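Next come the chains, spelled out residue by residue.
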Amino acid sequence: MGKIIFYEDRNFGGRHYECMSDCADLHSMFDRCRSIRVESGMFVIYDRPSYTGNQYFMKRGDYSDYLGMSGMNDCVRSCRMIPMHSGNFKLRLYEHFDMRGEMMELTNDCPNLMDRFRMSNFNSCNVMEGHWLLYEHPHYRGRHYYLRPGQYRSFSEWSGNSSRISSIRRLMNL
């Protein structure tokens, strides 16, 4: 079970809204978000409704100045709780759309895909087990994308603006 609290002002001030599950449209709950407290669990928040737009991964902790820390705007419009996963992890990355072309399989974190596979452009993937974060840059930096189990026939299905992925991390109890 997870719990995230969104505050309209910095330092946990102003009106707030508590959320303990996925919420596809937070706009009616608050106008802006300037600080966030994650009391338990892990979440991905989005700047657009229906789990679209820019994403930001949130683990347990206090984020008193969310805007300054994330570089995102104050429009938090949806959030998704990441369920705990205690089993195996398995992800397949494909060179081309629709799971075609050269395939690379991961079962652990990979801080630098270019070093390991000599490739950094992936156009589709199949998350077979576990939940993952894909990062634009090596060593888990830059824009990131949350993937839960399922097939992603194009990078646009994981909200990516580019097929360039440089590192990947499993989402476990961090």
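Just above sits the structure.
If you're wondering where the values come from, they're calculated on a predicted model, not measured in any experiment.

Undergrad: I tried to follow the overall build of the chain on my own but got confused; where do I start?
TA: Across its full length, the chain carries 2 helices and 14 strands. Whereas a compact globule of 174 residues would reach a radius of gyration of roughly 16 Å, the chain reaches 16 Å, a difference of no more than 12%. Overall size of the chain, expressed as C-alpha extent along the three principal axes, is 50 × 30 × 25 Å. The long-range fraction of contacts in the chain, counting pairs at least 24 apart against all pairs at least 6 apart in sequence, stands at 66%. Surface summary for the chain: the accessible area is close to 8,500 Å², and the carbon and sulfur share equals 43%.

Undergrad: Is there a simple way to think about the packing of aromatic side chains in this case?
TA: Each aromatic ring pair is specified by the distance between its two centres and by the angle formed by the two planes. For the coordinates displayed, the defined rule picks out 8 aromatic pairs. Measuring from centroid to centroid gives 5.7 Å for Tyr135 and Tyr140, while their planes differ by 70°, and the two rings are edge-to-face. Both residues of the pair, Tyr135 and Tyr140, count as buried. Taken together through their ring pairs, the aromatic side chains of Phe6, Tyr17 and Phe30 make up a single cluster.

Undergrad: Help me understand the pairing of strand β1 (residues 3-9), please; the structure alone is not making it clear to me.
TA: If a strand is regular, its side chains alternate between the two faces of the sheet. Taking burial as the measure, the 7 residues of β1 include 6 buried ones, the bulk of the element. Sheet analysis places β1 next to strand β2 (residues 13-19), joined by 5 bridges and oriented antiparallel. Along β2, the bridge assignment pairs Asp9 with Gly13. Once β1 ends, the chain turns through 3 residues before running back antiparallel as β2, passing Asn11 with a positive phi of about 55°.

Undergrad: Is there a simple way to explain the sheet that holds strand β6 (residues 61-63) in this structure?
TA: The strands making up a sheet are joined through hydrogen bonds of the backbone, oriented either antiparallel or parallel. The strand order across the open sheet formed by 4 strands is β2-β1-β3-β6, and the pairing between neighbours is antiparallel. Edge strands, defined here as strands with exactly one partner in the open sheet, are β2 and β6. For this sheet, the mean angle separating the axes of adjacent strands, direction not counted, is 15°. Alignment of strand β3 (residues 35-40) against β6, held across 3 bridges, turns out to be antiparallel. Bridged to Arg37 within β6 is Asp62.

Parameters and conventions
Residues numbered from 1 in each chain as written. Predicted model: local features only at pLDDT ≥ 70, side-chain atom pairs only at ≥ 80, totals over all residues. Heavy atoms only, no water. Helix = DSSP H or I, 4+ residues; strand = E, 2+ residues; numbered from the N terminus. Rg over C-alpha atoms; globule rule 2.2 N^0.38 Å. Contact = heavy atoms within 4.5 Å. Areas by Shrake-Rupley, 256 points an atom, 1.4 Å probe, with all protein chains shown as cover. Phe/Tyr/Trp six-rings, centres within 6.5 Å; stacked < 30°, edge-to-face > 60°. Buried < 20%, exposed > 50% of the residue type's maximum accessible area, 1.4 Å probe, protein only. Pairing = 2+ DSSP bridges. Axes fitted to C-alpha atoms, helices over the stretch in contact; angles between N-to-C directions.

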